[in-house]
Amino acid sequence: MSGIPVRRPAAYEDLLAVPDHLVGEIIDGELVTSPRPATRHIAAASALGDELGPPFRRGRGGPGGWVILDEPELHIVEQIMVPDLAGWRRDRMPEIPDAAFFDLRPDWVCEVLSPSTAALDRTRKWHHYAQAGVNHLWFLDPAPRTLEVYQLDLGTWRLLSSTAGDILVRAVPFDAVEIDLAAVWAR
């Protein structure tokens, strides 16, 4: 016996014990905690949801057909992840389930990058979103005001566009309508 304690994989009970001031996820069997997002992060995520909601969730000024949610708890590919925003095409999720989490993979995920989460979002979570078959991934970074848009192509992320500043963009899968990034960055 070496006296080295054996680490057990994190369980859902561990996630439930995470204090409210932290966001908890279980990635690769490890309980990962991050501080709740800072105001710039929250403002950007909320503003992006405001830009996408009317045309894509409600069909006002756009095609509709989407369910878009803030910070849904995803139970996919044996991981528990909490993206900043996620969207499902309405034909895949006709009704929002009355459950504490979602086991149906989203069609789109947006991670708002912050210093405390960017490395996790760009490495481990990025890999698992691809493994789950999420078709579209966005990285929104309010500090340098950038948006990176990726599409899954044969299991590999392909960068479709990288933009910066206060511009209007059309970004898949929401390219039917221009998104005003100036409104997303506004505080």
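Everything discussed here concerns the structure shown above.
Small disclaimer: the values here were computed from a predicted structure and weren't measured.

## Regarding the overall build of the chain
Right, so step 1: A tally of helices and strands in the chain yields four helices and 12 strands.
Right, so step 2: Rg of the C-alpha trace for the chain: 17 Å, near the compact-globule value of 16 Å for 187 residues, within the 12% margin.
Right, so step 3: Relative to its 187 residues, the chain shows a buried fraction of 46%.
Right, so step 4: Sequence separation of 24 or more characterises 48% of the internal contacts of the chain that already satisfy a separation of 6 or more.
Right, so step 5: Total accessible area on the chain stands at roughly 9,700 Å², and carbon and sulfur atoms take up 52% of it.
Right, so step 6: The chain carries 18 positive and 27 negative side-chain charges, and their two centres are separated by 3 Å.

## Digging into the side chain of His41
Right, so step 1: With respect to the secondary-structure elements, His41 resides in helix α2 (residues 39-58).
Right, so step 2: Polar side-chain contacts of His41 include one of 2.8 Å to the side chain of Asp84.
Right, so step 3: Here His41 is in contact with Asp84, Val112, Leu113, Ser114 and Pro142, once residues within four sequence places are set aside.

## With respect to the packing of aromatic side chains
Right, so step 1: Taken as a whole and assessed by the stated rule, the structure comprises 11 aromatic pairs.
Right, so step 2: Between Phe56 and Phe174, the aromatic rings sit 4.8 Å apart at their centres with planes inclined by 65 degrees, giving edge-to-face as the arrangement. Taken together, the residues span a long stretch of sequence, with Phe56 in helix α2 and Phe174 in the loop between β11 (168-169) and β12 (179-180) at a distance of 118 residues.
Right, so step 3: Between the aromatic rings of Trp66 and Phe174, the centroid separation amounts to 4.7 Å while the plane-to-plane angle is 55 degrees, which identifies the pairing as tilted. Within this pair, whereas Trp66 is found in strand β3 (residues 66-70), its partner Phe174 is found in the loop between β11 and β12, the two being separated by 108 residues in sequence. Across the pair, Phe174 and Trp66 agree in class, each one buried.
Right, so step 4: Taken together, the ring pairs in this structure connect Phe56, Trp66, Trp108, Trp138 and Phe174 into an aromatic cluster.
Right, so step 5: For Arg122, the ring lying beneath its charged end belongs to Phe139, and the centroid distance is 4.7 Å.

About the cut-offs
By convention here, each chain's residues receive numbers from 1 onward along its written sequence. The predicted nature of this model means local features are confined to residues of pLDDT at least 70 and side-chain atom pairs, given and counted, to a pLDDT of 80 or more, with totals for whole chains, interfaces and linings taken over all residues. Side-chain metrics rest on all non-hydrogen atoms present in the structure, leaving aside hydrogens and water. A run of DSSP states H or I qualifies as a helix once it reaches four residues; a run of E qualifies as a strand once it reaches two. Both are numbered from the N-terminal end. As defined in this context, the radius of gyration uses C-alpha atoms, and a globule is described by 2.2 Å times the residue total to the power 0.38. Exposure categories follow from relative accessible area, calculated using a 1.4 Å probe and restricted to protein chains: below 20% of the type maximum is buried, above 50% is exposed, and the middle band is partly exposed. By definition, residues are in contact when any of their heavy atoms lie within 4.5 Å. For accessible areas, the Shrake-Rupley method is used with a probe of radius 1.4 Å. Any residue's cover is judged against the shown protein chains and nothing else. The charge count treats Lys and Arg as positive and Asp and Glu as negative. His and the chain ends do not count. Each charge is placed at NZ for Lys, CZ for Arg, CG for Asp and CD for Glu. The definition of a polar contact used here is a pair of N or O atoms within 3.5 Å, where within protein one atom must be able to donate a hydrogen and the other to accept one, and adjacent residues in sequence count solely through side-chain atom pairs. Two rings from Phe, Tyr or Trp (for Trp, the six-membered ring) form a pair when their centres are within 6.5 Å of each other. A pair whose planes differ by under 30 degrees is stacked, one over 60 is edge-to-face, and the rest are tilted. Each ring is checked for a lysine NZ or an arginine CZ that lies within 6 Å of its centre and within 35 degrees of its normal; such an atom marks a charge sitting over the ring.

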